[in-house]
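Remarks on the overall topology
Each chain, letter by letter, is given below.
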Amino acid sequence: MSEPAASNSSAETNYRDALLQIVNTPMLSQCVYVAAKLGIADLLKDGPKNSDELAAATQVHTRSLYRILRALAGFGIFAEDEGQRFALNAMAEPLRSDLPGSVRGWTIVRSEDFVWQPWGQILHALQTGESAFLHVYGQDSWDYIAEHPEVSAIFDDAMRSVSALKFKAVAEAYDFSGVDTIVDVGGGNGGLMTAILTSNPHMTGILAELPHVVEGARKNIDAAGLSDRCSCVGIDMLEAVPEGADAYVMANVIQGCDDDHAVRTLGNCRRAMKEGGRVLVVEMLIPGPNKPHLSKLIDIEMLIMTDGGRERTRQEYEALYEGAELRVTRVVPTDSPWSIVEGVAS
Ligand SMILES: C[S@@+](CC[C@H](N)C(=O)[O-])C[C@H]1O[C@@H](n2cnc3c(N)ncnc32)[C@H](O)[C@@H]1O
């Protein structure tokens, strides 16, 4: 048997190394998590500090913190100098909480128990088809979040952290000129409504959310100076949504629903909207085979965390719309991983 060609064996090594890099990523993301949780990036915004100073400010064990930050700096997150002092760099800056585009909230939520523990039960989800969250906590994730205000605050922060890009991209990509009134169903903390109303002064809105979320949204809408143009109401979208608007937008809401609940929610919007109204679903669409896309990973998050939620292809959205007596008119891409699936009554 001939020797394998040198180029082949080095290609194999490269692939093996690339695979190992992926396998080792959870170790690294746990380190980023603690740095984010402790607010290390915020503590460094005025200049470098050593681990004694950082540990004193965060009340943790100095040597352990040094080891975490050294590991991170080895991968380009924070910069360590010869005197074991750490400084912000381009990769660490987005962990600051005070900058637009901060990913601190998202970084924290990934490793909090209520996400991390269910991910540890991924095999259970595969073997049973049951949500791993339900398996670990014995209840649906929305009910759990509603009962745990501290978890709700962390989840909200994470949403805010990743969603700012989405809100801006949606408000810029979609032409709202024919829409006077809009309902944001599952409108979260009000970021999308704020972006839409701010860039479309002719519009008014209703933010419709679960009752425990709606108070927070109302505060944000007030703070944005939009309370005269936007009301906030507590609803269960599976029962009904506010009536009589020109458009019903749902951002990252249908992804959390199984097909039955998705059709029910879309059907409620279909029944509530004005004649000639439209439904706008903002989601990441799953692209074809072998194309890398965040949607394919978030789809697994839905498998773990929700009871039947999933990311979908355009064809799957078309089927949902059809089930709700709607018809997809077009998919509007945005300058972000999210698209807007527009539909009207069929
Ligand atoms: C992933 S978050 C998205 C929030 C917001 N639209 C955004 O893009 O940031 C899904 C939202 O749906 C809301 N939601 C879930 N079930 C709901 C229901 N039955 N009725 C109303 N809102 C619901 C949750 O409270 C949560 O804020």
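Residues numbered from 1 in each chain as written. Predicted model: local features only at pLDDT ≥ 70, side-chain atom pairs only at ≥ 80, totals over all residues. Heavy atoms only, no water.

**Here we look at the side chain of Asn268**
Our working definition: Starting at the N terminus, helices and strands are each numbered in turn, a helix being any DSSP run of H or I of at least four residues and a strand any DSSP run of E of at least two. Three exposure classes are used, based on accessible area relative to the maximum for each residue type with a 1.4 Å probe and protein chains only: buried under 20%, partly exposed in between, and exposed over 50%. Here a polar contact is recorded for every N or O atom pair within 3.5 Å, except that within protein the pair must consist of a potential hydrogen donor and a potential acceptor, and residues adjacent in sequence are included only if both atoms are side-chain atoms. When checking whether two residues touch, look at their non-hydrogen atoms; a contact exists if any pair is within 4.5 Å.
Structurally, Asn268 is set in helix H13 (residues 259-272). Assessed through its relative accessible area of 10%, Asn268 is described here as buried. Reaching out from Asn268, the side chain makes a polar contact with the backbone oxygen of Leu238 at a distance of 3.3 Å. For Asn268, the contacting residues outside a window of four places in its chain are Met237, Leu238, Glu239, Ala240 and Val241.

**Details of the domain arrangement of the chain**
Selection criterion: The domain limits used here are those given by an automatic or database domain assignment.
Considered domain by domain, the chain is made up of domain 1 (6-96) and domain 2 (113-345). Taking only C-alpha atoms into account, the centre of domain 1 sits 33 Å from that of domain 2.

**Details of a nonpolar patch on the surface**
Worth spelling out the cut-off: A patch is a set of surface residues, each over 30% in relative accessible area and not in a salt bridge, joined within 9 Å for like charges and within 5 Å for the nonpolar side chains Val, Leu, Ile, Met, Phe, Trp and Tyr. Working definition of accessibility: Shrake-Rupley area with a 1.4 Å probe, residue cover restricted to the visible protein chains. The rule for a salt bridge is simple: a side-chain nitrogen of Lys or Arg has to be within 4 Å of a carboxyl oxygen of Asp or Glu.
On the surface, a nonpolar cluster with roughly 350 Å² of combined accessible area is contributed by Ile122, Leu123, Leu126 and Leu303. With 3 residues, the single largest contributor to the nonpolar patch is helix H7 (residues 122-128). Tracing the sequence through the fold places Ile122 in helix H7.

**Topic: the sheet that holds strand S1 (residues 49-50)**
How we decide: The pairing criterion for strands is at least two bridges between them, as found by DSSP.
On the basis of which strands lie adjacent, the open sheet formed by 3 strands has the order S1-S3-S2 and antiparallel pairing. Strands at the two margins of the open sheet, each flanked by one partner only, are S1 and strand S2 (79-80). Inspection of the sheet shows S2 paired to strand S3 (residues 85-87) by 2 bridges, in the antiparallel sense. Along S3, the bridge assignment pairs Glu80 with Phe86.

**Regarding the packing of H13 against helix H15 (residues 314-323)**
Spelled out, the test is: A fitted line through C-alpha atoms serves as each axis, taken over the contacting stretch for helices, and the angle formed by two N-to-C directions is quoted from 0 to 180°. Orientation labels follow simple angle bins: below 35 degrees gives roughly parallel, above 145 gives roughly antiparallel, 65 to 115 gives roughly perpendicular, and whatever is left gives oblique. What makes a crossing left-handed is the near helix being turned counterclockwise from the far one by less than a right angle; a clockwise turn instead makes it right-handed.
Two numbers describe how H13 lies on H15: the axes approach to 8 Å, and their chain directions differ by 55°. If you check the angle between H13 and H15, you find them oblique. Crossing angle aside, the handedness with which H13 passes H15 is right-handed. Residues Asp259, Ala262, Val263 and Leu266 of H13 lie in contact with H15, whose contacting residues are Leu320, Tyr321 and Gly323.

**Here's the deal with the packing of aromatic side chains**
The test is simple: Each Phe, Tyr or Trp ring (for Trp, its six-membered ring) is paired with any other whose centre lies within 6.5 Å, and the angle between the two planes then decides the class: stacked below 30 degrees, edge-to-face above 60, tilted in between.
In the structure shown here, the tally under the stated rule is 6 aromatic pairs. Here the aromatic rings of Trp142 and Phe155 are separated by 5.6 Å at their centres, their planes lie at 80°, and the arrangement is edge-to-face. Remark: Phe155 occurs in helix H10 (residues 149-173) and Trp142 occurs in helix H9 (residues 141-147); sequence separation between them is 13 residues. Given the relative accessible area of 23%, Phe155 is considered partly exposed. Residues Tyr174 and Phe176 carry aromatic rings whose centres are separated by 4.8 Å and whose planes lie at 65° to one another, so their mutual orientation is edge-to-face. There is no split in this pair, since Tyr174 and Phe176 are both buried. An aromatic cluster is present here, built from Phe133, Tyr137 and Tyr144 joined pairwise through their rings.

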